[in-house]
Each structure stands twice: as C-alpha cells, then as structure tokens.
Amino acid sequence: MSSKRQMTLHFFMNSTGFHETAWRLSKAEPERVTDLAFYKKMAQRAEQAKFHSVFLADGYDLGGSVKHQALGRLEPYTLLSALAAVTEQIGLIATVSTSYNEPYHTARYFASLDHLSGGRAGWNIVTTGIGKTHLNFSREEHFEHAERYNRALEFVQLTTKLWDSWEDDALVADKGTGVYTDTEKIHAINHKGDSFSVKGPLNIPRPPQGYPVLAQAGSSEEGKELAARTGEIVYTAQQTLKEAQAFYADVKSRLSRYGRSPDDVQIVPGFSSIVGETESEAKEKEAELHESIIPELGLKRLSDRLKVDLFSYPLDGPVPQLPDPETINETRSRFELMKNMIETEKLTIRQLIQRASGGNGHRTFAGTAVQVADQLEEWFLNGACDGFVIRPQQLPTGLDDFARLVIPELQRRGLFHTEYKGRTLRENLGLTRPSNQFAGQR
C-alpha cells in the first residue's frame, strides 16, 4: 500500500450525464431516469472502482428547459436509502438546501440514512437562490444573499445540536430492568435564534458517525466562510490550476480562526471528463456531444444564468457585457466564474454554450486515461485540491470509462487507494468522529 498522500474521488451521479443533451446519444437511456435498477448499477460500479462516495444534487423546482433536458429526478433521501441496501462501503451524499427545509426534518432524515447505511451518509449543505423555487414554498422572492448564509449557519448549528441531543450511550435496552433509554443522556436543546426555534430532542438516536459528513458547496465570500466554519468536504468549480490554488489557499487559511486544522477540510473541485482508449476516440466522443447541443436550450439557460438576453446576439459573435456580480442575488460565485472564463478566453456565444453544456462552470477535459490522470495529478500535487468530484459528461458509459481506464492509472501511480479503509464514510475519508457537545451535562 502506498504511504504517500492519496486523493479522494466522489462520483457525481445523475441520470444521463452532466452534458445537458447527453440523453440524445445512442447509448443513453433517458427513459430510465426513475428506474432504481439504473442507479443501483451505477452505484455498485462506483463502489467496485472504490469511489469514496456517490453524490446526488437536488433542487425543488423543475428548472431548465423540460422540453429539451432530461430533468426528472428522484428525491435523494429515498434514492440513497434504497442504494444503501445494495451497497456496502461507498458513501452516500445528498444535497439538501437550508433555504427551503427545516432543521428538525433534515436532522431526522440524515440520522435515519446514517443508521440504515451503517454510517455512510453525508449532507451537502447549500443555499438556494436560483430559479422559481421560492414560488413552491409560499414566498414571493428568494432570501437575499447575506440572509441565506446567516440562515444556513444557524441551520447547520441547530442540526448538529439535534444530532447531539442523544448521547452515544443513551440507548440502554435493558430487558431485565425495563429501561430502554437513559433519559439523563437525552437532552432538550431549547434553541431560539433569528430563523428557528426548536425545543428538541430529536426522536432518533445519534447517528453512527456522530454527524453525517458535512459537505458544502459555495464559493462566494459567504460560502467560503461557511465552509471554513462547518464544512468537511468543500465542492467547488475552477477552470485553471492558478484559480484552484488560490481558492484552496484561501479556504484553508480561514480554518484556524475556528480552531480547525487544514486536515479537517477536503477541497474537491468538479472535473467533467470524457475518456477514450485513444485521444482521437475521446475527441470523437466530445464531438458527438457537441453535435447533440440544442442552441435554443443553451441560449435560454445561459440567458437566465448571466442575466443577459443572448437570443439578441449572433451565436458566433462575442458574449456581450455582463452585469456587475454584486447585483446578482442567485449563485454569485458561479456567475463570477463564468464571467471570468468568458473574459479570459474571449469566448463566442457558441463556444460558451459548448463549454457550459458539458461542465456548467466546472473544468472539462477529453483525453486518454493517462492524459486525464495527468490533469488530476497536476492539480492534486500542486496545492489545488485534496481530490475531485468526477462528473462524467455521459452516463452510464462515462462512469464505466473512468472506472475502467482512469482509476487503475491513478492506482498505478499510488495516487488513489485500492481498498476502503473502514466501514463508515468518515473512516474512508480520514475524518474524525465529532464529540457530543452535550455529553456529561446533567
């Protein structure tokens, strides 16, 4: 076994892949977007390849263009609970927004998933400020950017209190005495804050991991600060090594003010891959994806994201001037990333559609296993990340290509493990189990 530092890899799973029109390709199976067997096969393939986790994104409105995209998605608690029964060691991470949920429900759902999976659950903490979600939750508009993050911090702190409301040994189950729980080890939390008021305790014992692994996605100033305070995995998106190095150094430098060390947080940028046996095969796959693009879809999605009506400009002309990021109340960090990419690379609208269709702001790359591994190794060994979120542009074939070709190459270089370290997600990521904040209080 290699003794040198090794990267973590997370498989970002959706239905047909992360290219928005990959569902049009001959090998795609868009009719199976609600078929458990479809996701079971991918999760088991990812586990066989020793990915650290399966990660599911989520949203609460239809979003995008349902006319042209395979947007139907299963609710993640339900899907991951089902996958927990057909996998053994791979982590199961779901996105749940702090903007349109309640801490008590969230704490209970993730505690349940952690118990059912034997300690493999993870929560990707996000705020929501895009699309029409607010209209599905009795609100006329989204929370403002700063308010979203203030709410998120209180939400996470309250959720951890609820997980800690049962001490680890509160469940006694003594048949002889008839004592099921030691009530002195179950605590009301009596939380009253700016956004929430919760008495507690939770109605389920503490999760096996103490807390499910806490992931966080958001690269604005507020997002980075939330990551430094609460995150253990930080999902991010950068286009260049230099940008990734700057983000990595920035987030790691914030940890000490919260009594945390650099090893407490793993930064994992998204990497949107196309892998071929040869470079020409990879480029052919990339060209096939480009040919599947529906310009109307790209124009609509990017017009919504960039707050400019791109339909008014020629496809092969330059992207017009974009608004000041400070005026954006939605996903500000992603807006800034795309704005910088457009300005740096002088992209035309057509080129931007091609880049965004496959990566949505994440780094995209098409090449052989050696070339892909070279890309990952360069970032990993040069202070840009602790691992990656792998986002195959086509599924399920893109997962199989990565698992069959790239994983063995990374293992050959000693950069990726060959076996899981333990049974829980925390053990496999090398993260400590949190102590209980109420233990010993009487």
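- Named according to an unreviewed UniProt entry, the chain is LLM class flavin-dependent oxidoreductase originating from Paenibacillus radicis.
- Reading the Sequence similarities (unreviewed entry) entry of the UniProt record for the chain gives the comment "Belongs to the NtaA/SnaA/DszA monooxygenase family."

## Side note on helix α1 (residues 36–48)
- With 13 residues, α1 should reach 18 Å at 1.5 Å per residue; the first-to-last C-alpha distance of 18 Å fits that figure.
- All of the buried residues in α1 are Phe 38, Tyr 39, Met 42, Ala 43, Ala 46 and Glu 47. End-on view of α1: buried residues confined to an arc of 165 degrees, all on one side of the axis. Pointing more than 90 degrees away from the buried face of α1 are the exposed residues Lys 41 and Gln 48.
- Buried residues in α1 make contact with β1 (8–12), β2 (53–56), α2 (76–84) and α12 (397–412).
- Taking the backbone nitrogen of Ala 37 as reference, a side-chain oxygen 2.9 Å away marks Asp 35 as the first, capping residue of α1.
- Just downstream of α1 lies Lys 50, where phi reads positive at about 75 degrees.

## Remarks on the packing of helix α5 (residues 221–230) against helix α6 (residues 241–254)
- Their axes nearest at 8 Å, the elements α5 and α6 cross at an angle of 50 degrees. Between α5 and α6, the crossing angle belongs to the class labelled oblique. In the crossing of α5 with α6, the sense of the turn from one axis to the other is right-handed. When α5 is examined against α6, the residues Glu 221, Lys 224, Glu 225 and Ala 228 are found in contact with a partner set consisting of Phe 247, Asp 250, Val 251 and Arg 254.

## Observations regarding the environment of Gly 119
- Secondary-structure assignment places Gly 119 in the loop between α3 (103–117) and β4 (121–126).
- A residue is classified by how much of its surface remains accessible, and Gly 119, at 0% relative accessible area, is buried.
- Once the C-alpha coordinates of Gly 119 and Val 213 are considered, the two residues, 94 residues apart in sequence, prove to be 9.4 Å apart.
- The contacts of Gly 119, once residues within four sequence positions are left out, are Asp 114, Pro 208, Gln 209, Thr 424 and Leu 425.

Definitions and limits used
Residues numbered from 1 in each chain as written. Predicted model: local features only at pLDDT ≥ 70, side-chain atom pairs only at ≥ 80, totals over all residues. Heavy atoms only, no water. UniProt positions renumbered as here; feature names shortened; annotations may be inferred. Helix = DSSP H or I, 4+ residues; strand = E, 2+ residues; numbered from the N terminus. Expected span 1.5 Å × (residues − 1). Buried < 20%, exposed > 50% of the residue type's maximum accessible area, 1.4 Å probe, protein only. Arc of directions from axis to C-beta. Contact = heavy atoms within 4.5 Å. Polar contact = N/O pair within 3.5 Å; in protein donor to acceptor, adjacent residues only side chain to side chain. Axes fitted to C-alpha atoms, helices over the stretch in contact; angles between N-to-C directions. Parallel < 35°, antiparallel > 145°, perpendicular 65-115°, else oblique. Left-handed = near helix turned anticlockwise from the far one by under 90°.

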